[in-house]
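One letter stands for each residue in the lines below.
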Amino acid sequence: MPGIKSLITIPDFSLSPRIDQVGVEERASRFTKRSIKKETKMNGLKLVLNMIDLTTLEGKDTEGKVKQLCYKAMHPHDALPGLPTVAAICVYPSMVKVAKKTLGDSGINVASVATAFPSGQASKEVKIRDTKYAVEQGADEIDMVISRGKFHSGEYNFVFDEIAAIKEACGDARLKVILETGELGTMDKVRRASDIAMHAGADFIKTSTGKIQPAATMPVTLVMLEAIRDYYSKSKLALHYLVMLKETLGEDWMNNHWFRFGASSLANDVLMQIMKEKTGVYQAANYFSVD
């Protein structure tokens, strides 16, 4: 429910798991050595196309350029019929209305950067106004950048609170949190920033703005994927306990008279999984009540 963020007990993010950088780099490199069959490759290429945020974020952007980009999003290549569209067009807030009108009922989302993109160097109040303006213009998604200076200063609660405030300002729009991993420095910090963003309510976590190098890399992405896996695995583990209970003691023990979970934080994790099954998307933890 809106406004609940102020009641959340913030985890100790200094306790995020340590990352074996060499091990991550070795695991990531293995994915590049897989052979992919022709049919699978074609299906994969179409899926990649459908997952792209087609982006223009330049000071020289014009309405004409945004309209042209929207046409490309809806018609990737007219010589090849049957291709999927891209996922979204990503523009500055001032161009959201143009993109929204041009895309019409195509089903392609309009994403807008906000929060003093790409530096993040602005007050929380400015960032909230920036976000609300983009949503009012019709943005379906908000791409925010975290305050890397605050993060490097160890002010993790500040980063958490800011993300939660932007999540609230998004209303029904989805929040994509950009970590700018090229400025974080280590895999440990990438993991910590990922944990902060997800606990604060991010619907997506993203590697970079694309404005600095290095941007996205496979090892960094693997660390972020593992953070997502761990975040959403708690309630699934509870199901594994139930399977073990049934197969060991039988159906008669499958009730709360004989078996309990003594983990208060598990309740919201389970609620998120239930919402995922019903709606197809995860709802951020801050939409559920807290103790």
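Procedures and definitions
- Per-chain numbering applies: the sequence of each chain, read as written, is numbered from 1 onward.
- Side-chain atom pairs in this predicted model are given and counted only at pLDDT of 80 or more, local residue features only at pLDDT of at least 70, and totals for whole chains, interfaces and linings cover all residues.
- Side-chain figures throughout are based on the complete set of non-hydrogen atoms in the structure, without hydrogens or water.
- To obtain each axis, a line is fitted to C-alpha atoms, and for helices this fit is confined to the stretch in contact; angles are then taken between N-to-C directions over 0 to 180 degrees.
- Here a helix means four or more residues in a row that DSSP labels H or I, a strand means two or more in a row labelled E, and each is numbered from the N terminus.
- Handedness of each helix crossing follows the sense of rotation of the near helix against the far helix: counterclockwise by less than a right angle gives left-handed, clockwise gives right-handed.
- By the convention used here, residues are in contact when the closest approach between their heavy atoms is within 4.5 Å.
- Residue classes follow a fixed rule: Ala, Val, Leu, Ile, Met, Phe, Trp, Tyr, Cys and Pro count as nonpolar, while Asp, Glu, Lys and Arg count as charged, and any other residue, Gly among them, counts as polar.
- Nonpolar cores are built from buried Ala, Val, Leu, Ile, Met, Phe, Trp, Tyr and Cys residues. Side-chain atoms within 4.5 Å join them into one set.
- Note on classification: 1.4 Å probe, protein chains only; a residue is buried when its accessible area is under 20% of the maximum for its type, exposed when over 50%, partly exposed between these limits.
- Polar contact is the term for a pair of N or O atoms within 3.5 Å; when the atoms are in protein, one must be able to donate a hydrogen and the other to accept it, and sequence-neighboring residues count only if both atoms are side-chain atoms.
- Comment on the angle field: the value is read as roughly parallel under 35 degrees, roughly antiparallel over 145, roughly perpendicular from 65 to 115, and oblique elsewhere.
- In this scheme, strands are said to pair when DSSP sees at least two bridges between them.
- Handedness of a crossover is defined as follows: with both strands directed away from the viewer, a clockwise route from the first strand across the helix to the second makes it right-handed.
- A score from 0 to 100, pLDDT tells how confident the predictor is in each residue.
- Note on patches: the residues involved have over 30% relative accessible area and no salt bridge, like charges join within 9 Å, and the nonpolar side chains Val, Leu, Ile, Met, Phe, Trp and Tyr join within 5 Å.
- Only the protein chains shown count as cover for residues, with accessible areas throughout obtained via the Shrake-Rupley method and a probe of 1.4 Å.
- A pairing counts as a salt bridge when a side-chain nitrogen of Lys or Arg comes within 4 Å of a carboxyl oxygen of Asp or Glu.

### Quick notes on the packing of helix H3 (residues 63-74) against helix H4 (residues 96-103)
Logical step 1: Two elements in contact, H3 and H4, have axes separated by 9 Å at closest approach and are oriented at 40°. Relative to H4, H3 is oriented so that their crossing is right-handed. Contacts from Glu63, Val66, Lys67, Cys70 and Met74 in H3 reach Val98, Ala99, Thr102 and Leu103 in H4.
Logical step 2: Here the contact of H3 with H4 is composed, by residue class, of six nonpolar, one polar and two charged.

### As for the nonpolar core
Logical step 1: Ranked by internal contacts, the top residues of the largest apolar core, which has 54 residues, are Ile89, Ile142, Ile163, Leu175, Val177, Leu179 and Ile196.
Logical step 2: Discounting chain neighbours no more than four positions away, the residues touching Leu175 are Ile142, Met144, Ile163, Ile166, Lys167, Cys170, Ala202, Asp203 and Phe204.
Logical step 3: Among the nonpolar cores identified, the runner-up in size contains eight residues, and Ala111, Val113, Phe117 and Val145 belong to it.

### Regarding the side chain of Asp188
Logical step 1: As for its placement among the helices and strands, Asp188 is situated in helix H8 (residues 187-200).
Logical step 2: There is a polar contact of 2.7 Å between the side chain of Asp188 and the side chain of Arg18.
Logical step 3: Beyond its immediate chain neighbours, meaning those up to four positions away, Asp188 contacts Pro17, Arg18 and Ile19.

### Considering the packing of helix H1 (residues 21-31) against helix H9 (residues 218-232)
Logical step 1: Relative orientation of the contacting elements H1 and H9 amounts to 105°, with a least axis distance of 8 Å. Taken together, the axis directions place H1 and H9 in an arrangement best described as roughly perpendicular. On the side of H1, the interface is formed by Val24, Glu25, Arg27, Ala28 and Phe31, while H9 contributes Met218, Pro219, Leu222, Val223 and Glu226.
Logical step 2: Its residues placed into classes, the contact of H1 with H9 shows seven nonpolar, no polar and three charged.

### Focus: the pairing of strand S2 (residues 88-91)
Logical step 1: Burial along S2 is two-sided: the residues Ala88 and Cys90 and Ile89 and Val91 are all buried.
Logical step 2: As judged from the three bridges shared by strand S1 (residues 53-55) and S2, these two strands associate in the parallel manner. Opposite Leu54, over in S2, you have Ile89 as the bridge partner.
Logical step 3: Between the parallel elements S1 and S2, the chain passes through H3 in a crossover that is right-handed.
Logical step 4: Across four bridges, the pairing between S2 and strand S3 (residues 109-113) is parallel. Considered in S3, the bridge of Val91 is made with Ser112.
Logical step 5: In the classification by handedness, the crossover that spans S2, the intervening H4 and the parallel S3 is right-handed.

### Details of the sheet that holds S1
Logical step 1: The six strands are arranged S1-S2-S3-S4-S5-S6 in an open sheet whose pairing can be described as parallel. Looking at the sheet topology across the chains shown, the edges are occupied by S1 and strand S6 (204-206). Strand-to-strand twist across the sheet, computed as the mean angle between neighbouring axes with direction ignored, equals 25°.

### Here's the deal with the confidence of the model for the protein
Logical step 1: When pLDDT is averaged across the protein, the result is 88; 91% of the residues are at 70 or more.
Logical step 2: The element-level mean pLDDT for the protein is lowest in helix H11 (residues 266-279), coming to 74, with H4 highest at 98.
Logical step 3: Across residues 1-8, where pLDDT falls below 50, the model places 17 contacts with residues more than four positions away in sequence or in other chains.

### What about a nonpolar patch on the surface?
Logical step 1: Among the surface-exposed residues, Leu237, Tyr241, Met244 and Phe261 lie close enough to one another that they form a single nonpolar patch of about 390 Å² accessible area.
Logical step 2: Among the structural elements, Leu237 can be located in helix H10 (residues 234-249).
Logical step 3: Among the residues examined, Leu237 registers a relative accessible area of 45% and is labelled partly exposed.

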